[in-house]
Amino acid sequence: MRVTRRQFLRTSTAALGVGLLGGCAAAMQGDFMPKGGKRVVVVGGGWGGATAAKYLRLGDPSIEVVLLEPNKEFISCPFSNLVLSGVRTLPSLTISYDGLRAHGVKVLHAPAVAIEPEIQRVRVGEGFLQYDRLIVSPGVDFIFEQIDGAGQGERVVHAWKAGDQTVTLAHQLQSMPDGDVFVLTVPPVAFRCPPGPYERTSQIAWYLKTNKPKSKLIVLDANQNIVSKTGLFRAAWKAYPNIDYRASNKVTKVDFGERVVTTEFGDRVKFDVLNLIPPQRAGAIALRSGLGGDDQRWCPVDHVTYESTKARNIHVIGDATTGLPVPKSGNVANSMGKITAHAVTRLLAGKPPVPMPPGNTCYSWVSDREAIAVVNAYKIENNKVVQIEQKLTPAQSPQVAQNAVGWAQSIWHDMLG
Ligand SMILES: Cc1cc2nc3c(=O)[nH]c(=O)nc-3n(C[C@H](O)[C@H](O)[C@H](O)COP(=O)(O)OP(=O)(O)OC[C@H]3O[C@@H](n4cnc5c(N)ncnc54)[C@H](O)[C@@H]3O)c2cc1C
């Protein structure tokens, strides 16, 4: 059988693609996966990016979707505070990308190094990928330079991206002698998961109360009060006299040798174990590529399509965005992923996008068996996302915790199944 040049190119490109998707970084030179038809590249396979990649393929299987994600497996931040208290394990929060592959998403385990909006290319390794539309969901990065002594974060245990650091912090907590002091620092808003530090406070306090009754937990919060679900957390903490919560205590310095943190007012607080959650900004790739707003911290977007207001044909979703009245939550990132996939599919087909608001439900565990929750509903008004209402559960309960388990199972499958 005679093979035409076109067939040969198609076959060899597919073979190259398989090699690359297997992680052959050395082959990432030049235009290493030449574009055939319409292609969307997704940067980041977390809550926003994984969802967008899957729903693009569900919406229009003729679109080639390439997902760039350096991590080999997805690890969920939601529920990761339960790993600290020993209630869950990290493997129970770890999910393979095979589900996305089954939908035809080309998962490439490599980081995007740069974006070139003018020529619609993403640089990967020493090569590049061409795109028709780009979706960027890189999550957050840390502003270590605002904490004197933190360096580039080499010794900082934040555990604010689930993975090795979660295991390290769990080990430090669980192996600390009874009577030692655990210090948790909360950064100023805006940061990933507004209730997250307070859920963590509850988990650590529950663990210490149960296992190390002579230990205490000092929480140094840069904010004036608990940022989210305030009354419900305050009620839950009545069961934890081991919490010493200090509002308006922004940590500006750390000394790992002396094991002391210093607040902006000069108070020095000794720690035995330190969980320092640094101030945050959008993932570096977004800011490096000119997608940041005037503050060079977060990325402004259109509220209907999530297209960047800084670059055409590039959409930014998830924690990296700013300007919407929504929390930086996995649930919101998942919502944005679906809405953006729908908008991009229509835009590529020459159709107008359909305005759709996101939604949010956020659970927080306050012990090993009880949780609280908040639900936010939104609408689109004059092309802007507007909050309609916010509802909190009346009290903590085991029933809400069961609902949380159902939420997690369902949304993990929605993203990656
Ligand atoms: C302790 C904790 C508890 C939480 N609990 C909840 C909860 O109960 N409910 C809830 O809704 N939310 C919760 N969240 C928040 C939730 O995890 C985030 O809002 C969500 O992860 C945001 O999704 P994202 O896609 O923006 O970022 P991520 O999910 O972090 O995904 C970003 C991805 O981009 C990748 N990436 C970064 N740079 C590049 C690059 N250059 N090239 C390629 N890939 C790149 C990263 O490897 C990462 O996989 C919690 C967070 C924490 C820390």
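Residues numbered from 1 in each chain as written. Predicted model: local features only at pLDDT ≥ 70, side-chain atom pairs only at ≥ 80, totals over all residues.

Asker: Would you mind going over the sheet that holds strand 17 (residues 268–270) in detail, with residue names and values included?
Answerer: Ordered in space as 15-16-17, the three strands form an open sheet in which the pairing is antiparallel. Strands at the two margins of the open sheet, each flanked by one partner only, are strand 15 (251–255) and strand 17. The average angle at which neighbouring strand axes cross in this sheet is 25°, direction not considered. Alignment of strand 15 against strand 16 (residues 260–263), held across four bridges, turns out to be antiparallel. Bridge pairing in strand 16 links Val-251 to Thr-263. (Pairing = 2+ DSSP bridges. Helix = DSSP H or I, 4+ residues; strand = E, 2+ residues; numbered from the N terminus. Axes fitted to C-alpha atoms, helices over the stretch in contact; angles between N-to-C directions.)

Asker: Can you break down the packing of helix 2 (residues 47–59) against helix 9 (residues 330–348) residue by residue, with the values?
Answerer: Two elements in contact, helix 2 and helix 9, have axes separated by 7 Å at closest approach and are oriented at 35°. Helix 2 and helix 9 meet at a crossing whose hand is right-handed. On helix 9, the residues that touch Trp-47, Gly-48, Gly-49, Thr-51, Ala-52, Tyr-55, Leu-56 and Gly-59 of helix 2 are Gly-330, Ala-333, Asn-334, Met-336, Gly-337, Lys-338, Thr-340, Ala-341, His-342, Val-344 and Thr-345. For the contact of helix 2 with helix 9, the class distribution of residues is eight nonpolar, ten polar and one charged. (Left-handed = near helix turned anticlockwise from the far one by under 90°. Contact = placed C-beta atoms within 7 Å. Nonpolar A, V, L, I, M, F, W, Y, C, P; charged D, E, K, R; others polar.)

Asker: Residue-level account of the site of the ligand, with values.
Answerer: Neighbouring the ligand are 36 residues, the closest being Gly-44, Gly-46, Cys-77, Gly-139 and Gly-318. At the level of elements, helix 2, helix 9 and strand 23 (359–365) are the ones that each hand at least two residues to the shell around the ligand. Classifying every residue of the shell around the ligand by side-chain character gives 16 nonpolar, 16 polar and four charged. (Near = placed C-beta within 6 Å.)

Asker: Please provide a residue-by-residue account of the environment of Pro-188, values included.
Answerer: Take Pro-188: it is sitting in the loop between strand 12 (181–186) and helix 6 (196–211). Classification of Pro-188 by C-beta neighbours within 10 Å gives partly exposed; the count is 14. Residues Pro-188 and Pro-278, 90 residues apart in the sequence, show an inter-C-alpha distance of 8.8 Å. Dropping the residues within four chain positions of it, Pro-188 is found in contact with Ala-222, Asn-223, Lys-250 and Pro-279. (Buried ≥ 20, exposed ≤ 12 C-beta atoms within 10 Å, placed from the backbone.)

Asker: Break down the domain arrangement of the protein for me, with residues and values.
Answerer: Partitioning the protein into domains gives domain 1 (5–139 + 283–355) and domain 2 (146–280). Between domain 1 and domain 2, the contact holds 16 residues from the first and 20 residues from the second. At four residues, the largest contribution of residues to the side of domain 1 that touches domain 2 is made by helix 3 (residues 81–84). (Domains from an automatic or database assignment.)

Asker: Give a description of helix 5 (residues 164–175) that names residues and reports values.
Answerer: If you check helix 5, its first and last C-alpha atoms are 16 Å apart, about what twelve residues at 1.5 Å a residue would give, namely 16 Å. Along helix 5, the residues that are buried comprise Thr-166, Leu-169, Ala-170 and Leu-173. End-on, the buried residues of helix 5 take up no more than an arc of 105°, which puts them together on one face. Structural note: helix 5 exposes Asp-164, Thr-168, His-171 and Ser-175 on the side pointing more than 90 degrees away from its buried face. On its buried face, helix 5 sits against helix 3, strand 12, helix 6 and strand 18 (273–276). (Expected span 1.5 Å × (residues − 1). Arc of directions from axis to C-beta.)

Asker: Can you explain helix 9? Please cite residues and give values.
Answerer: Taking 1.5 Å of rise per residue, the 19 residues of helix 9 would be expected to cover 27 Å, and the 26 Å separating its terminal C-alpha atoms lies within 8% of that figure. Of all 19 residues that make up helix 9, 16 are buried, and the element is covered over most of its length. Residue Gly-350 follows helix 9 closely and has a positive phi angle near 75°.

Asker: Got a sec to walk through the pairing of strand 25 (residues 384–392)? Specific residues and values, please.
Answerer: In this sheet, strand 25 lies alongside strand 24 (residues 371–381) in antiparallel orientation, the contact comprising eight bridges. Bridging across to strand 25, Glu-381 finds its partner in Lys-384.

Asker: Lay out unusual backbone geometry in plain terms, naming residues and giving numbers.
Answerer: Omega for the peptide link from Val-189 to Ala-190 comes to 0°, which places this bond in the cis form. Inspection of the secondary structure puts Ala-190 in the loop between strand 12 and helix 6. At Lys-229, a residue that is not glycine, the phi angle is positive and equals roughly 50°. Following the sequence through the fold, Lys-229 ends up in the loop between strand 13 (216–221) and helix 7 (230–236). A positive phi angle, near 50°, is found at Ser-248, a position not held by glycine.

Asker: An account of the sheet that holds strand 9 (residues 126–130) is needed here, citing residue identities and associated values.
Answerer: Spatial ordering of the open sheet is given by 1-9-8-7, a layout of four strands whose pairing is mixed. Looking at the sheet topology across the chains shown, the edges are occupied by strand 1 (29–31) and strand 7 (112–116). In this sheet, adjacent strand axes meet at a mean angle of 25° when their direction is disregarded. Note: strand 7 against strand 8 (residues 121–124), four bridges, orientation antiparallel. When the bridges of strand 8 are listed, Glu-116 appears paired with Arg-121.

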